[in-house]
Amino acid sequence: MNIADKSVLMQASNGSRTFLLHSADALLADRLDRALASLGVVISRAGDVADLIREVGLLGPDAVLLAFDTPDQQIAHHAAKQLAELYPSLALIGVGNPTESAMHAALKAGVAEFIDIGNLAEAATIASDTLNNYDGQSRQTGCPMIALVGARQGMGTSSISAELALRIKAHLGDQEVLLMDCGAPVRDCSLYLGVEPDLDMLGAIQNIARFDQVMMKTAFARHERNLAILPLPAQALDRADIATTEALRLFRILRSYFKAVVVDLGCAPDPQLAQHLIRNASLVLLVCEQGISGLKTSLEYLGQLESGGIGTGGWRAVINRHVDERTVSAAHLAHRLGLPIAATLPYDAVALNDAQSLGKPLPAQNRWARAVDALALKLLDEIGLKPVNPQPDKLAHRLSRLFVRSDAS
Ligand SMILES: Nc1ncnc2c1ncn2[C@@H]1O[C@H](COP(=O)(O)OP(=O)(O)OP(=O)(O)O)[C@@H](O)[C@H]1O
Ligand SMILES: [Mg+2]
């Protein structure tokens, strides 16, 4: 099954726990589902380990149940090792008959607990205790990641992602920041920043074994202000070659090296990758342009995600192309979207188009750029990263107030 099978995913999103069983045994799935009914639902998946890992990325289960009866032991071992590497805070529970060989295999694979399928009366207690142990652990795997999404093209997602990443980089000084250019049309962020990256996501995946500290410093395209940029491949055929499992491994490595990652997912061409990134982002910002058509498309988009099992309750709205005088106000949009406003960014077609056409950053005093800068500072605070040198901004602010006062007098 994939994400399109909404009925199962809706079941999984009703607030109860989701257990993902890796097995083709429908009877076992049914028995476990009944045994764990007080905690949530058991969803089973057959298929190879790569399929399982992709499902974990899409479904975000609370625990994965791995079948350790022969002949599945090798597969369960392999799955446990890969899941532990990619999702270190995910609970892994062995299931099967507690034979010596199954218990030995489960122990070697490093699962947290084992459910005896001959004595399922204990299953709920074992699963509940295991989940309690995992609940205290942080789900974050690596540095903070800020994802920007837009319900359709033209909302401004790429413009904001590019500027936001530049501003975050400026505030973090020498600390490394990565902009992942994953929206469609592809590579808009790179275009707006005047950068033509050689290394794309497929190239990075193919070179993953060689990624060390030196390569992290040298492999990525860099904006002149030292922001690292990694785009999707320009060609659709190359994009199709990106295996989700490999992409997830790459993201983990990237998030362990960089201090912050900003990702443009505006109309992302690969929905599976986008959903994984959305689920794993520290913050998700929905970019919505001011106006009734932006609102309508955004509401439809939020509805689709919710019915696909992706919670959007923690998201924030960024209202773009904002003009004070308009009847459909930012507050009205936020109310209808059911999301708090993270920022309201003014309409400024001339400045944005000029800067983007030349691939140059906007002047620091530009109104839109200042609003994005304020958003960058707010988000840094929320994700717990301190600007390296807040003094100049404060000084500039005091000076600008001084000038306003002396102008007025
Ligand atoms: N606040 C704004 N005021 C005026 N024009 C804007 C504003 N934000 C973005 N634009 C312009 O809108 C166009 C689309 O912006 P952008 O590329 O960022 O949108 P998108 O959501 O990524 O969609 P797409 O990728 O299809 O272009 C660009 O020409 C950009 O200059
Ligand atoms: Mg875009």
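Structure: see above.
Below or above, wherever it landed, is the structure these notes cover. (Residues numbered from 1 in each chain as written. Chains lettered and ligands numbered in written order. Predicted model: local features only at pLDDT ≥ 70, side-chain atom pairs only at ≥ 80, totals over all residues.)

Turning our attention to the overall build of the protein chain. Within the protein chain one finds 18 helices and 13 strands. Looking at the protein chain as a whole, 43% of its 409 residues are labelled buried. Across the protein chain, the fraction of contacts at a sequence separation of at least 24, relative to all contacts at a separation of at least 6, is 75%. (Helix = DSSP H or I, 4+ residues; strand = E, 2+ residues; numbered from the N terminus. Buried ≥ 20, exposed ≤ 12 C-beta atoms within 10 Å, placed from the backbone. Contact = placed C-beta atoms within 7 Å.)

The subject of this paragraph is the site of ligand 1. Residues in close proximity to ligand 1 total 22 residues, the closest being Gln153, Gly156, Thr157, Ser158 and Ser159. Elements with a minimum of two residues in the shell around ligand 1: helix 7 (157-172), strand 12 (316-322) and helix 16 (349-358). Looking at which element gives the most residues to the shell around ligand 1, the answer is helix 16, with four residues. Here the residues of the shell around ligand 1 sort into seven nonpolar, twelve polar and three charged. (Near = placed C-beta within 6 Å. Nonpolar A, V, L, I, M, F, W, Y, C, P; charged D, E, K, R; others polar.)

Pairing is mixed across the open sheet formed by eight strands, whose spatial order is 8-9-7-10-6-11-12-13. Single-partner strands in this sheet number two, and they are strand 8 (221-222) and strand 13 (341-346). Across four bridges, the pairing between strand 7 (residues 177-181) and strand 9 (residues 228-231) is parallel. Paired with Leu178 across the bridge in strand 9 is Ala228. Of the strands in this sheet, strand 11 (283-289), strand 12 and strand 13 are in contact with helix 15 (residues 330-337), which crosses strand 12 at around 145 degrees. Running over the sheet, helix 17 (residues 367-382) touches strand 6 (145-150), strand 11 and strand 13 and is turned about 165 degrees from strand 13. (Pairing = 2+ DSSP bridges. Axes fitted to C-alpha atoms, helices over the stretch in contact; angles between N-to-C directions.)

To continue, consider helix 5 (residues 100-109). Working note: α-helix, 3.6 residues per turn, so residues spaced by three or four point in the same direction. Every buried residue of helix 5 is accounted for by Ala102, Ala105, Ala106 and Ala109. Down the axis of helix 5, the smallest arc covering the buried residues is 100 degrees, so these residues share one side. Exposed side of helix 5, more than 90 degrees from the buried face: Glu100, His104, Leu107 and Lys108 are the residues found there. Summarising the contacts, the buried residues of helix 5 are in contact with helix 4 (73-86), strand 4 (91-96) and strand 5 (113-116). At the C-terminal side of helix 5, Gly110 shows a positive phi close to 85 degrees. (Arc of directions from axis to C-beta.)

With that settled, consider the environment of Gly156. Structurally, the position occupied by Gly156 is in the loop between strand 6 and helix 7. Once the C-alpha coordinates of Gly156 and Glu289 are considered, the two residues, 133 residues apart in sequence, prove to be 7.4 Å apart. Each residue touching Gly156, except ones within four places of it in the same chain, is listed here: Val287, Glu289, Asn320 and Arg321.

Moving on: unusual backbone geometry. Cis rather than trans, the peptide bond between Thr70 and Pro71 has omega equal to 5 degrees. Locating Pro71 in the fold gives a position in the loop between strand 3 (63-67) and helix 4. Residue Ala184 is joined to Pro185 through a cis peptide bond whose omega torsion reads 0 degrees. Relative to the helices and strands, Pro185 is located in the loop between strand 7 and helix 8 (188-192). In the Ramachandran plot, Cys267 falls in the positive-phi region, its phi being about 55 degrees despite a non-glycine side chain. By the element assignment, Cys267 lies in the loop between strand 10 (260-264) and helix 13 (271-280).

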